[in-house]
Amino acid sequence: ALVCPPATNLGCNPVLPDGLSTSVFGVATATDECDGDLPTWYSDATNTEVCLVTVTRTWSTVDECGNATNCEQTIEYNEIHSSVFQSNDAGAIYT
């Protein structure tokens, strides 16, 4: 059985000192009746829509017989950047 860490929503502009480290967001665990504990690994896919960032972390494992399984962990947060308004003779500039 492969068990993923829980989904997480970090809110607005989170501080991520270790990035998306597994020490912060957890590690999937995998066990098999015949093989005992199995190794796990992951790959991240990031999707950004306007301000919402969604990281889908796909955890995988395979037993000695070649049976593979996956589970997904979702990490979401909002990246909100304040706009800077400047004006000049030609009008407003938004950055």
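These notes cover the structure that comes with them. Everything numeric in this text was worked out from a predicted model, so none of it was measured. (Residues numbered from 1 in each chain as written. Predicted model: local features only at pLDDT ≥ 70, side-chain atom pairs only at ≥ 80, totals over all residues. Heavy atoms only, no water.)

**Topic: the state of the cysteines**
Covalent bonding between the sulfur atoms of two cysteines defines a disulfide. Filter applied, for reference: For this text, the term disulfide refers to a pair of cysteine sulfurs within 2.5 Å. In DSSP terms, a helix is any run of H or I states spanning at least four residues, a strand is any run of E spanning at least two, and both are numbered starting from the N terminus.
Overall, the coordinates contain 1 disulfide when judged by the stated rule. The residue that forms a disulfide with Cys4 is Cys71, at a sulfur-sulfur distance of 2.0 Å. In this structure the cystine formed by Cys4 and Cys71 twists about its S-S bond by roughly 95°; its chirality is therefore right-handed. A residue pair is termed long-range when its members are at least 10 positions apart, and Cys4 in the loop between strand S1 (2-3) and strand S2 (8-12) and Cys71 in strand S7 (residues 68-78) qualify at 67 residues. Here Cys34 stays unpaired: no disulfide links it, and the sulfur of Cys65, its closest cysteine neighbor, is 6.7 Å away.

**Description of the sheet that holds S2**
For the record, the criterion: For two strands to be treated as a pair, DSSP must find at least two bridges joining them. Think of each axis as a best-fit line through the C-alpha atoms, taken over the contacting stretch in the case of a helix, with angles from 0 to 180 degrees between the N-to-C directions.
Taking strand neighbours across the sheet as the criterion, the 4 strands line up as S2-S7-S6-S5 in an open arrangement whose pairing is mixed. The sheet is open, and its two borders are formed by S2 and strand S5 (41-49), each paired with just one other strand. On average, each strand axis in the sheet is tilted by 20° relative to the strand beside it, whichever way the strands run. One ladder, built from 3 bridges, connects S2 with S7; its direction is parallel. Note on S7: the bridge partner recorded for Asn9 is Glu76.

**Considerations on the nonpolar core**
The following threshold applies: To form a nonpolar core, buried Ala, Val, Leu, Ile, Met, Phe, Trp, Tyr and Cys residues must be joined to one another through side-chain atoms within 4.5 Å. Here's how the labels work: a residue is buried when its accessible area is under 20% of the maximum for its type, exposed when over 50%, partly exposed in between, all with a 1.4 Å probe on protein chains only. The contact definition used throughout considers only heavy atoms, calling two residues in contact when any of these lie within 4.5 Å.
Counting residues in hydrophobic clusters, the biggest one holds 6 residues: Leu2, Ala28, Ala30, Leu38, Trp59 and Cys71. Once residues lying within four places of it in the same chain are set aside, the contact partners of Ala28 are Leu2, Val3, Cys4, Pro5, Thr40 and Trp59.

**Observations concerning unusual backbone geometry**
Positive phi values are uncommon outside glycine, yet Asn13 reaches one of about 45°. Note on placement: Asn13 falls in the loop between S2 and helix H1 (22-25). The phi torsion at Val50 lies on the positive side, around 50°, for a residue other than glycine. Structurally, the position occupied by Val50 is in the loop between S5 and strand S6 (52-62).

**Observations regarding the packing of aromatic side chains**
Stated precisely, the cut-off is as follows: When the centres of two rings from Phe, Tyr and Trp lie within 6.5 Å, Trp using its six-membered ring, the rings pair. Their planes under 30 degrees apart give stacked, over 60 give edge-to-face, and anything left gives tilted. Throughout this description, the term charge over a ring refers to an Arg CZ or Lys NZ atom that lies within 6 Å of the ring centre and within 35 degrees of the ring normal.
This structure, assessed with the given rule, holds 1 aromatic pair. In this structure, Arg57 is placed above the aromatic ring of Tyr42, and the distance from its NZ or CZ to the ring centre is 4.3 Å.

**Comments concerning the environment of Asn47**
Going by this rule: As used in this structure description, the phrase polar contact means that two N or O atoms lie within 3.5 Å; if the pair is within protein, one of them must be able to donate a hydrogen and the other to accept it, and residues adjacent in sequence are counted only when both atoms belong to side chains.
Considering the arrangement of structural elements, one finds Asn47 in strand S5. Judged by its relative accessible area of 41%, Asn47 is partly exposed. Counting along the chain gives 29 residues from Asn47 to Glu76, while the straight-line C-alpha distance between them is 9.7 Å. Among the polar contacts listed, one links the side chain of Asn47 to the side chain of Glu49, at a separation of 3.2 Å.

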